[in-house]
Amino acid sequence: MRTILPGLAAVFLATAALAADPTPAFQAATPVWPEGREKEMNLFVAFRATVTPPAAGPVVLRATGSTLYRVLVNGAFAGHGPARAGHGFYRVDELDLRPHLKAGANEVVVEVAGYNASSYYLLDQPSFLQAEIVAGGRVLAATGAEGFAASIRRDRVQKVQRYSFQRPFTEVWRLPGPPAEAAKCAAFPAVPLAPRRVPVPEYGIVRPLAHTASGTVAVGEMPKKPWKDRSLTNVGPDLGGFPEAELEIIPTLELQTVKNASSRPATAAETFTLGGNAFRTVDFGTNLSGFVGARITAREKTRLYFTFDEILADDGDVNFRRLGCANAILYEVEPGTYEVESFEPYTLRYLKLIVLQGGCDVANVYLRELVNPHASRATFAASDARYNRIFEAARQTFQQNATDVFMDCPSRERAGWLCDSFFTARVALDLCGDTSVEKAFLENFQRASSFGPLPDGMLPMCYPSDHQNGNFIPNWAMWFVVELEEYAARSGDHELVEALGPRVMKLLDYFKRFENSDGLLEKLEKWVFVEWSAANKFVQDVNYPSSMLYAGMLDAAARLYGRQELTAKAVRIRETIRKQSFDGEFFVDNAVRKDGKLEVTRNRTEVCQYFAFFFGVATPETHPKLWATLATDFGPQRKETKAHPEIHPANAFIGNQLRFELLSRDGRSRQILDEAIGYWLYMADRTGTLWEHDAPQASCNHGFASHAAHVLLRDVLGLRRVDPVGRRLEVCFADVTLESCKGSVPTAGGPIALEWRKAGDKLLYKLAAPADWKVEIANRSGLKLEAER
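Please read these numbers as outputs of a predicted model, since none were measured by experiment.

J.: Honestly, the overall build of the protein chain in this entry has me stumped. Any pointers?
T.: The helix and strand tally for the protein chain stands at 16 helices and 36 strands. Here the C-alpha atoms of the protein chain give a radius of gyration of 27 Å, agreeing with the 28 Å that 2.2 N^0.38 yields for 789 residues. On the principal axes, the C-alpha backbone points of the protein chain span a range of 75 × 65 × 60 Å. Counting across all 789 residues of the protein chain, residues that qualify as buried make up 63%. The contacts in the protein chain between residues at least 6 apart in sequence include a share of 76% that link residues at least 24 apart. Surface exposure of the protein chain reaches about 28200 Å², of which carbon and sulfur atoms provide 51%.

J.: Quick question: what am I supposed to make of the pairing of strand β4 (residues 59–66) here?
T.: If a strand is regular, its side chains alternate between the two faces of the sheet. The buried fraction of β4 amounts to 8 of the 8 residues, a majority that puts the element mostly inside the structure. Burial of β4 is two-sided: the residues Val 59, Leu 61, Ala 63 and Gly 65 facing one way and the residues Val 60, Arg 62, Thr 64 and Ser 66 facing the other way are all buried.

J.: Before we go on, may I ask you to explain the layout of surface pockets in this structure?
T.: To find leftover empty space, one rolls a probe the size of a water molecule over the atoms. Quantified by volume, the largest pocket comes out at close to 940 Å³. As for the largest pocket, its lining consists of 31 residues, of which Arg 426, Glu 486, Glu 661, His 710 and Arg 714 are closest to the centre. Within the residue set of the lining of the largest pocket, elements represented by two or more residues are α4 (420–432), α6 (474–491), α9 (544–561), α14 (652–665), α16 (707–717) and β30 (719–723). Taken together, the residues of the lining of the largest pocket sort by class into 13 nonpolar, 4 polar and 14 charged.

J.: What is the right way to read helix α5 (residues 436–447) from this model?
T.: An α-helix turns once per 3.6 residues; consequently, residues spaced three or four apart project the same way. In this model, α5 (12 residues) spans 16 Å end to end at C-alpha, consistent with the 16 Å of a helix rising 1.5 Å per residue. Burial analysis of α5 places 10 of its 12 residues in the buried class, the great majority of the element. Among the residues of α5, those classed as buried are Ser 436, Val 437, Glu 438, Lys 439, Ala 440, Phe 441, Leu 442, Glu 443, Asn 444 and Phe 445. The elements touched by buried residues of α5 are β7 (90–96), α4, α6, α7 (494–499) and α8 (501–512).

J.: I tried to follow the environment of Ala 705 on my own but got confused; where do I start?
T.: Mapped onto the fold, Ala 705 is located in the loop between α15 (669–687) and α16. On a C-alpha basis, the gap between Ala 705 and Glu 692 in space is 7.2 Å, while along the polypeptide they are 13 residues apart. Among all residues touching Ala 705, those that are not within four sequence positions of it are Gln 657, Leu 690 and Trp 691.

J.: Is there a simple way to think about the confidence of the model for the protein chain in this case?
T.: Atomic detail in the predicted coordinates should be set aside for any region of low pLDDT. Summary statistics for the protein chain give a mean pLDDT of 96 and a share of 97% for residues scoring 70 or more. When the criterion is pLDDT under 50, residues 1–19 qualifies, and its contacts beyond four places in sequence or with other chains add up to 52 contacts.

J.: How do you make sense of the sheet that holds strand β27 (residues 542–543) when you look at a structure like this?
T.: As a general point, the strands of a sheet are linked pairwise by backbone hydrogen bonds and lie either parallel or antiparallel. Reading across the sheet, the 3 strands line up as β27-β28-β29 and stay open at both edges, with antiparallel pairing between neighbours. Looking along the sheet, the strands with just one partner apiece sit at the ends: β27 and β29 (597–600). Where β27 and strand β28 (residues 590–594) come together, 2 bridges link them in antiparallel fashion. Within β28, the residue paired with Val 542 across the bridge is Ala 591.

J.: Just checking my understanding: could you explain the pairing of strand β32 (residues 740–745) for this structure?
T.: Here 4 bridges tie strand β26 (residues 379–382) to β32, and the two strands are oriented antiparallel to one another. Across the sheet, Phe 380 pairs through a bridge with Gly 743, a residue of β32. When β32 meets strand β33 (residues 752–759), the two strands line up antiparallel, connected through 6 bridges. Bridging across to β33, Val 745 finds its partner in Ile 752. Hairpin connection between β32 and β33: a loop of 6 residues separates the two successive antiparallel strands, and Gly 750 in this loop has a positive phi of roughly 125°.

J.: What exactly am I supposed to notice about the pattern of salt bridges here?
T.: Under the criterion given, the structure shown has 69 salt bridges. As a salt-bridge pair, Arg 426 and Glu 486 come within 2.8 Å of each other at their nearest N and O atoms. On the criterion of sequence distance, the pair formed by Arg 426 in helix α4 and Glu 486 in helix α6 is long-range, its members being 60 residues apart. Note on Arg 426: relative accessible area 12%, which makes it buried. In this structure, Glu 786 and Lys 762 form a salt bridge, with 3.2 Å as the shortest nitrogen-oxygen distance. Of the two residues, Glu 786 is situated in strand β36 (residues 784–787) and Lys 762 in strand β34 (residues 762–768); the sequence distance between them amounts to 24 residues.

J.: Would you explain the sheet that holds strand β35 (residues 774–779) in this entry?
T.: With mixed pairing, the 3 strands of this open sheet are ordered in space as β30-β31-β35. This sheet does not close on itself; its edge strands, each paired only once, are β30 and β35. Going across the sheet, the axis of each strand differs from the next one's by a mean of 10°, ignoring polarity. Sheet topology places strand β31 (residues 728–733) next to β35; 6 bridges connect them, and they run parallel.

J.: What should I look at first to understand a nonpolar patch on the surface in this one?
T.: On the surface, a cluster of nonpolar side chains totalling about 200 Å² of accessible area is made up of Val 775, Ile 777 and Leu 785. Tracing the sequence through the fold places Leu 785 in strand β36. On the accessibility criterion, Leu 785 (31% relative accessible area) is partly exposed.

J.: I tried to follow the packing of helix α3 (residues 385–401) against α15 on my own but got confused; where do I start?
T.: When two helices pack together, their arrangement is captured by the angle between the axes and the distance separating the axes. At a closest axis distance of 9 Å, the pairing of α3 and α15 adopts a crossing angle of 60°. Relative to α15, α3 is oriented oblique. At the point where α3 passes α15, the crossing takes the left-handed sense. Across the interface between the two elements, Arg 386, Tyr 387, Arg 389, Ile 390 and Ala 393 from α3 touch Leu 673, Asp 674, Ala 676, Ile 677, Trp 680, Leu 681, Ala 684 and Asp 685 from α15.

J.: Please explain α9 as it appears in this structure.
T.: Given a rise of 1.5 Å per residue, 18 residues ought to cover 26 Å, and the 26 Å separating the end C-alpha atoms of α9 matches this to within 8%. Taken across its 18 residues, α9 has 17 buried, putting it largely inside the fold. A positive backbone phi angle near 65° is found at Gly 562, which sits one or two residues after α9.

J.: Help me understand the packing of aromatic side chains, please; the structure alone is not making it clear to me.
T.: The geometry of an aromatic ring pair is captured by the separation of the ring centres together with the interplanar angle, meaning the angle of the planes. In total, this model carries 48 aromatic pairs according to the counting rule given. Seen from their ring centres, Phe 44 and Phe 343 are 5.3 Å apart, and the 85° between their planes marks the pair as edge-to-face. Here Phe 44 is found in strand β3 (residues 43–51), whereas its partner Phe 343 is found in the loop between β23 (336–341) and β24 (346–357), with 299 residues between them in sequence. For the pair Phe 44 and Phe 343, a shared accessibility class is recorded, and that class is buried. Between Phe 614 and Phe 615 the ring centres are 4.9 Å apart and the planes differ by 85°, which places this aromatic pair in the edge-to-face class. With relative accessibility at 6%, the residue Phe 615 sits in the buried group. Ring-pair connections join several aromatic residues into one group, and the members of that group are Phe 406, Phe 441, Phe 445, Phe 451, Tyr 463 and Phe 480.

Reading the values: rules and limits
- Residues numbered from 1 in each chain as written.
- Predicted model: local features only at pLDDT ≥ 70, side-chain atom pairs only at ≥ 80, totals over all residues.
- Heavy atoms only, no water.
- Helix = DSSP H or I, 4+ residues; strand = E, 2+ residues; numbered from the N terminus.
- Rg over C-alpha atoms; globule rule 2.2 N^0.38 Å.
- Buried < 20%, exposed > 50% of the residue type's maximum accessible area, 1.4 Å probe, protein only.
- Contact = heavy atoms within 4.5 Å.
- Areas by Shrake-Rupley, 256 points an atom, 1.4 Å probe, with all protein chains shown as cover.
- 1 Å grid on protein atoms, 1.4 Å probe; cavity = no way out; pocket = protein on both sides within 12 Å on 5 of 7 lines; lining within 4 Å.
- Points joined across faces, edges and corners; volume = space filled by probe spheres on them.
- Nonpolar A, V, L, I, M, F, W, Y, C, P; charged D, E, K, R; others polar.
- Expected span 1.5 Å × (residues − 1).
- pLDDT = per-residue confidence, 0-100.
- Pairing = 2+ DSSP bridges.
- Salt bridge = Lys/Arg side-chain N within 4 Å of Asp/Glu carboxyl O.
- Axes fitted to C-alpha atoms, helices over the stretch in contact; angles between N-to-C directions.
- Patch = residues over 30% accessible without salt bridge, like charges linked within 9 Å, V, L, I, M, F, W, Y side chains within 5 Å.
- Parallel < 35°, antiparallel > 145°, perpendicular 65-115°, else oblique.
- Left-handed = near helix turned anticlockwise from the far one by under 90°.
- Phe/Tyr/Trp six-rings, centres within 6.5 Å; stacked < 30°, edge-to-face > 60°.

Given below as structure tokens:
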């Protein structure tokens, strides 16, 4: 069951953001933090104000800060922020508190977690809050002025392990906990500010659809070699956190001593009782992201774990460490009743509650979603319901991974990864009808004051993030430029594109030092990444897919910035690759330098072939035999046919996505329809989301995979090209096996809606588009086309 809290999606005054969005100005607030503690790790501070609002009109909370905050009004959730920004500036939220206020005095609390730890998710920078409450132009409370009182919270344990290598700290709560410590705050100099740009997330409440199991657990000995993630063992100068010896408790070790002793099917109940060493597992029905909550009534001192995952293990249990994360929240509570909700968002379908000491009643288990509110603007409905399930899984995947930046996954990392973003950005325009999240994502790269220890010119592989070890993916910086060209076309935001010009030129200068005498990239440094497959083993010395991508980047930069010499350079690179890499059957992945000479290997991967066609090294016309082989012998069925065993198979990220692009270019919509079932349906049916790999060994909710929605709208429904800048629509009716299909996408001028159905030898269709759009229609269905009124 899913409900949307009234008003929450509308109370933020920040809009989806155009280029001219003004930065909200503070009237009185200044940045503050408990004196001398702005660099302390994992400090949890509450800023409390009591305000009496006027009888009418908006009451606005304007806020920014570091690292994260949660807003409570009279004890109830009212918001989460801020939207992430790059180094050197901060995004400002504006929240209308009016829907949450009562007559008379109201308590507004802004809880702030100051992490001060490097991660792929949040920046390691000094903690602060800058906030004010304003009504009718009058400041009711402001940090650094009057109205907010700060206290250091002791109910959230400070010295805990990291959640993962990519995210900072886990949550261990002791309730009611020691009394909060009143704090004297110091004011800090003004910080550069920017508008939020992105829409406020939707905070719908979702409750479990089923209770899958209950039973007892037994606590045994620690394994001789317990699992310890690198986030626990590698803490040091390059990975912020508390050393293992300083941790007050280590849930990932304790939970390895806990095993199920008995288990039986469970009946759903609003309230259930857990005694000592008892557990219950609930199923939310779909893999979701957000804040996990419940009401706990403890009869005695109780230790209650919430553990969770996206799937159930083969034994039907929740494996809290499958993803390499600490998927566990610990509550240590004294007798009493507590309304608990996680401060951090997590991703799960299954939640397992385990009592290791004491006993309690648990009621009102829920997940408060943290998702993009505009993802429901587009529609898709085919006569075969399987494709509708794929589309909804793609939508679900997108909305969880596109809140303020384009993330790889909402679980393990919550990081704004390049390359993933190339695919997710296309879906954003389809589902939301705007480029607000992409603008904020790219602007973070443009406005950043520094990228830390990265080489001059190189871009972070994910951002905002800190890479204290200097690691990066050179390939992802190239994908940045390829995406930027598409962003320019779908947004018309020439101002940001021009502002990014110096970054792009410095990036080109960086790659020049790796060009060999043939003009190809050789011995690229750090993490050279092609895709999650054997292709990542063949990246030195000359990796041909990397040089194929390099040619694509050069072409994109040439078109963006009028650098025609880059086009000529890309032509030469492609010709050299054809001469060196193509062995008469397939393109080879790499060449190694021996005794000063390059020797082409026999390493050949499926994804290398896709790179060749995607980036114009090959076409169906120049390499017809290879294209015919790829189109007919490869695909999801290859796992069974074992065709071409000498060619290492591609994976979901990113080879299979590139395959769909090539099939689309060749007009193979019927084949796309068939392969969508083989590549995506089993994911949609198991988790309701789409995955990082073609098997569930990693994230089962990966932003790039939402590109399935783009494929279905483009190649099945027939919205071949939607150009909001030129106000131009290209429709292509394809030869597919469906009997009917309908769908719509949003635009600033109104929705574009298309519907078609087969009737004998005719294809009947209805099309609605904004009046000032130019529409072009192509018919490749093999049927007579006829418009219906």
